[in-house]
Amino acid sequence: MPTVSELWVNEDESGKMEMTYDLGEMAGMAQGFMSELEPDKEQKDMWAKKEKIDSTMNFYDIMPDSVKREVSNAEFLKNMNLSLSVDSEKEQAEMKLSVKYKDDNEMLEIMKVLKESRKDNSNPMMAMQGEDELDQMMIQYKADYKNGIIRLPAMDISEFFEDPELKGMMDALAGKEGSDPEELEFLRMMLGDKTKVVVHAPGKILFTDDPNAIVEGNKATFEDDILEYLKAGKARARLIKFKN
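Let me sum up the structure you'll find in this document. Remember, predicted model here, so these are calculated numbers, not experimental data.

1. Description of the pairing of strand 5 (residues 92-101)
- Here eight bridges tie strand 2 (residues 15-22) to strand 5, and the two strands are oriented antiparallel to one another. The residue of strand 5 that forms the bridge with Y21 is M95.
- Sheet analysis places strand 4 (residues 80-87) next to strand 5, joined by eight bridges and oriented antiparallel. Among the inter-strand pairings, M80 is bridged to a residue of strand 5, identified as V99.
- Hairpin connection, strand 4 to strand 5: the antiparallel pair is bridged by four residues, and E91 has positive phi, about 55°.

2. Concerning the nonpolar core
- Counting 44 residues, the largest nonpolar core has M17, L77, M80, M138 and I150 as the members making the most contacts within it.
- Look past the residues within four positions of M80 in its chain and what remains in contact with it is M57, N58, F59, L97, S98, V99, I110, L114 and M138.

3. Some details on the packing of aromatic side chains
- Enumeration according to the criterion identifies zero aromatic pairs in this entry.
- Across the ring face of W8, the terminal group of K16 is positioned such that the distance to the ring centre comes to 5.0 Å.
- Stacked on the ring of Y60, the Lys or Arg K68 has its end atom at 4.0 Å from the ring centre.

4. Quick look at the pairing of strand 9 (residues 194-200)
- Of the strand pairs in this sheet, strand 1 (residues 4-9) and strand 9 are connected by five bridges, and their pairing is parallel. Bridging from a neighbouring strand, E6 pairs with V198 of strand 9.
- Here seven bridges tie strand 9 to strand 12 (residues 219-225), and the two strands are oriented antiparallel to one another. Within the sheet, the bridge partner assigned to K196 lies in strand 12 and is E223.

5. A short note on the sheet that holds strand 3 (residues 52-58)
- With mixed pairing, the eight strands of this open sheet are ordered in space as 3-4-5-2-1-9-12-11. Single-partner strands in this sheet number two, and they are strand 3 and strand 11 (214-216). Sheet twist, expressed as the mean angle between neighbouring strand axes with direction ignored, is 15°.
- Alignment of strand 3 against strand 4, held across seven bridges, turns out to be antiparallel. Counted as the bridge partner of D54 is S85 from strand 4.
- Each of strand 2, strand 4 and strand 5 is contacted by helix 3 (residues 104-116), which is oriented at about 120° to strand 5, the strand it contacts most.

6. Comments concerning unusual backbone geometry
- Unlike most non-glycine residues, E13 shows phi in positive territory, near 75°.
- Residue placement: E13 occurs in the loop between strand 1 and strand 2.
- Residue classification places E13 among the partly exposed positions, given a relative accessible area of 40%.
- Residue N73 is not a glycine yet carries a positive backbone phi of 55°.
- Inspection of the secondary structure assignment puts N73 in the loop between helix 2 (65-70) and strand 4.

Criteria and thresholds
- Residues numbered from 1 in each chain as written.
- Predicted model: local features only at pLDDT ≥ 70, side-chain atom pairs only at ≥ 80, totals over all residues.
- Heavy atoms only, no water.
- Pairing = 2+ DSSP bridges.
- Helix = DSSP H or I, 4+ residues; strand = E, 2+ residues; numbered from the N terminus.
- Core = buried A, V, L, I, M, F, W, Y, C linked by side-chain atoms within 4.5 Å.
- Buried < 20%, exposed > 50% of the residue type's maximum accessible area, 1.4 Å probe, protein only.
- Contact = heavy atoms within 4.5 Å.
- Phe/Tyr/Trp six-rings, centres within 6.5 Å; stacked < 30°, edge-to-face > 60°.
- Lys NZ or Arg CZ within 6 Å of the ring centre and 35° of its normal.
- Axes fitted to C-alpha atoms, helices over the stretch in contact; angles between N-to-C directions.

Below you can see the structure in the form of structure tokens.
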């Protein structure tokens, strides 16, 4: 689950999304992941003294030519990048997925191509996510430019409770008798404490229906407690009204 999901909605209907993951104690796992994706590149110890890493991969560039020939419109993946940033002195590490698109139709096409590329083991998001999870990872929204409204629909995440690999953690989250409290701590370690959604509107934001939102000009920031978010089984719907 992203620590921060950020969305830019532009007046010309183009947009950009960035999903940032605070790796924290999972940094070692991420290092192994990047090593697999870039086997020819010398990999350094993430936590070596004074070591800093700033690496970016383009989804299209790392796709083998054989897969490019088989996937329709593979060039759409030129719009997607995956970055890894590490500062060992501060013991900070984060991964960021970014995607740009000229309109809703292009975003749908990007997602279609990304799912088609599941056959490619070098595709980083397919190594991390299944098809359904990939849809939910992206920021879902509807923009009514004429009336100056952006809607973030409620997102059902109840499938977390159905995943057998997460059963122990979900039982602990639900407080089921006999569950291991350490599973809950592991879940918090994996996901963090808070998740934020930041939306940049095409004009000054007039109001949102979330009384806890922080509004600054054309930017609105929404924050949720991750474990409470999971207990509810879905993210709450939100509405933003901006000056058009």
